[in-house]
Amino acid sequence: MTPLAERLARQIAATGPMPLADYMAACLTDPDHGYYTTQDPFGRAGDFTTAPEISQMFGEMVALCLAQAWMDQGTPTQAVLAELGPGRGTLMADMLRCLTSVPGARDTLDVHFVEASPTLRDRQASAIAPATATWHGTVADLPEAPLFLVANEFLDALPIRQFRRSDTGWQEVMVGLDDAGHLCPGLSPSAPIAALDHRLADTRPGDVVEICPALPGIMAEIAGRIVRHGGVALFIDYGDWAGIGDTFQAVRRHAVTEPFAEPGLADLTAHVDFAAISGAARKAGAAVTAMVPQGVFLERLGITARAQALARGLAGDALDNHVAAHRRLTHPAAMGQLFKVIAIHPPGTALPPGLHAQGAA
Ligand code: SAH
């Protein structure tokens, strides 16, 4: 057993089974044993490869989307360029380089990161040098200012609770101990749960739904700033609109693994519910775009023209890799359809490029 597994097993033996969210929080961000807090999980040698690690084109398209929104809103001064969960800092490094070609943008936008991991904060600082940033532990600490924000594969790392519908209510998936004292999932007794009433219409007994308890608070903080001061927040992640089913997943060294076997050593994620993002942001008074597949979003922003321009300077393996990267980011069989994009913006302002309004085609 990992040291974290031993500690969690002792805790469960003493106080009983814990919700999946508590288990996930311990596995990912425990100060001593957490997956993100203790290691660098990115890149070819790591556990997974994210879009910014695949090609600089991803950061360039995101930067141009945010820059256009900044211009459409009248180039507000003392604005914040923020990223949630920046990983190795690659996305922001690519964005900052791209923003030097947007007049005024680099001098106006202050970089702010929300990052839980001290190890990754160091990596992010080196990635964007000589530019500098301010780090925060939570979104609530972001400044009150016009906010141009991106979060790529951040929300999927937030702890979720999982429920299975029964005939009389819902049973929660809890982490307990098996006869051998190992961590294993179980189900709580069935009970009605008011927070899931909105899922009674679109689910049947046996269906599994997931909620992310931290999401509404995070969206309220971000949407509130955007409504008060202007800005745009762009969320990119794998997920769907009010999805049904168990999406809790562990990945280690690019392979799916058992989520209760090695707490702290594997990445744990769940699909993001874009309906929950939209609902929370609207409640805070913001406008919310439709959810758009990543491939469509990047194509609308001109990634193919950019890919062709970059390809002109390449040959051999470098060219092959570049073509493969473009395909991987945009093709429906790769990341193009599984990953989705949604944006929140102040009511009455222009739609961020690449996105359309809810209800429009
Ligand atoms: N956006 C990056 C990394 C995604 S991985 C990329 O696309 O490559 C998730 C990131 O979120 C990591 O940087 C991780 O340390 C951070 N993170 C995870 N949970 C967090 C939390 N609760 N608060 C702040 N940062 C968190």
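Numbers given to residues run from 1 along each chain, matching the order in which its sequence is written. Per-residue local features are limited, in this predicted model, to residues with pLDDT of at least 70; the limit for side-chain atom pairs, both in listing and counting, is 80 or more; totals at the level of whole chains, interfaces and linings are taken over all residues. Heavy atoms throughout the structure, all of them, feed into the side-chain values; hydrogens and water do not.

Trainee: Just checking my understanding: could you explain the overall build of the chain for this structure?
Mentor: Strands here mean DSSP runs of E at least two residues long; helices mean DSSP runs of H or I at least four residues long; both are numbered from the N terminus. What the chain contains, in helices and strands, is 13 helices and 17 strands. By its C-alpha atoms, the chain is 65 × 45 × 35 Å across when sized along the principal axes. Put simply, the chain shows about 15,300 Å² of open surface, and 54% of that area lies on carbon and sulfur atoms. A positive count includes Lys and Arg, and a negative count includes Asp and Glu. His and the chain ends are not counted in either. Here the site of a charge means NZ on Lys, CZ on Arg, CG on Asp, or CD on Glu. Counting 25 positive and 38 negative side-chain charges, the chain places the averaged centre of each group 4 Å from the other. For the accessible areas, the method is Shrake-Rupley and the probe is 1.4 Å, while residue cover comes only from the protein chains on display.

Trainee: Any chance you could explain the nonpolar core here in plain terms?
Mentor: For soluble globular proteins, the rule of thumb is that nonpolar side chains tend to be buried together. The criterion is simple. A nonpolar core is a set of buried Ala, Val, Leu, Ile, Met, Phe, Trp, Tyr and Cys residues joined through side-chain atoms within 4.5 Å. Residue exposure (1.4 Å probe, protein chains only): buried if accessible area is under 20% of the type maximum, exposed if over 50%, otherwise partly exposed. Counting 59 residues, the largest nonpolar core has Tyr23, Ile222, Phe235 and Ile344 as its most contacted members. Ignoring sequence-local partners within four residues, the contact set of Ile222 consists of Leu84, Val139, Leu147, Leu149, Ala233, Phe235 and Ile344. Counting residues in each nonpolar core, the second largest holds 47 residues, with Met57, Met61, Met92 and Leu355 among its members. Here a residue-residue contact requires only that any non-hydrogen atoms of the pair lie within 4.5 Å.

Trainee: Looking at this structure, I do not really get helix α2 (residues 20–29). What am I missing?
Mentor: Since there are 3.6 residues in each turn of an α-helix, residues three or four apart along the chain are aligned in direction. For α2, a buried count of seven out of 10 residues is recorded, marking the element as mostly surrounded by other parts of the structure. Among the residues making up α2, those that are buried are Leu20, Ala21, Tyr23, Met24, Ala26, Cys27 and Leu28.

Trainee: It is not clear to me how helix α13 (residues 316–330) should be interpreted in this structure. Could you clarify?
Mentor: Under the convention used throughout, the expected extent of a helix is 1.5 Å for every residue step, that is, one less than its residue count. With 15 residues, α13 should reach 21 Å at 1.5 Å per residue; the first-to-last C-alpha distance of 22 Å fits that figure. Listed as buried for α13 are His322, Ala325, His326, Leu329 and Thr330. Each buried residue of α13 sits inside an arc of 110° when the element is viewed along its axis, so together they form one side. Among the exposed residues of α13, those oriented more than 90 degrees off its buried face are Asp317 and Asn321. Throughout, the arc means that of the directions going from the helix axis to the C-beta atoms.

Trainee: Mind showing me how you'd approach the packing of aromatic side chains here?
Mentor: Note on aromatic pairs: each is described by the distance of the centres and the angle between the planes. Only Phe, Tyr and Trp rings take part, Trp by its six-membered ring, and two of them pair if their centres are within 6.5 Å. Stacked means planes under 30 degrees apart, edge-to-face means over 60, and tilted covers everything else. In this structure the tally under the stated criterion is five aromatic pairs. When the centroid spacing of 5.2 Å and the interplanar angle of 75° are considered together, the rings of Tyr35 and Tyr36 count as edge-to-face. Using a relative accessible area of 0% as the deciding quantity, one classes Tyr35 as buried. Residue classification places Tyr36 among the buried residues on the basis of a relative accessible area of 12%. With a centroid separation of 6.0 Å and 50° between ring planes, the pair formed by Phe248 and Phe260 is classed as tilted. In this pair, Phe248 sits in the loop between β10 (231–240) and β11 (249–252) while Phe260 sits in the loop between β12 (255–257) and β13 (267–269), placing the two residues 12 residues apart along the sequence. Exposure class is identical for Phe248 and Phe260. Each is buried. One aromatic cluster is present, formed by Tyr23, Phe248 and Phe260 through successive ring pairs.

Without other data, these values stay purely geometric and don't point to any function.
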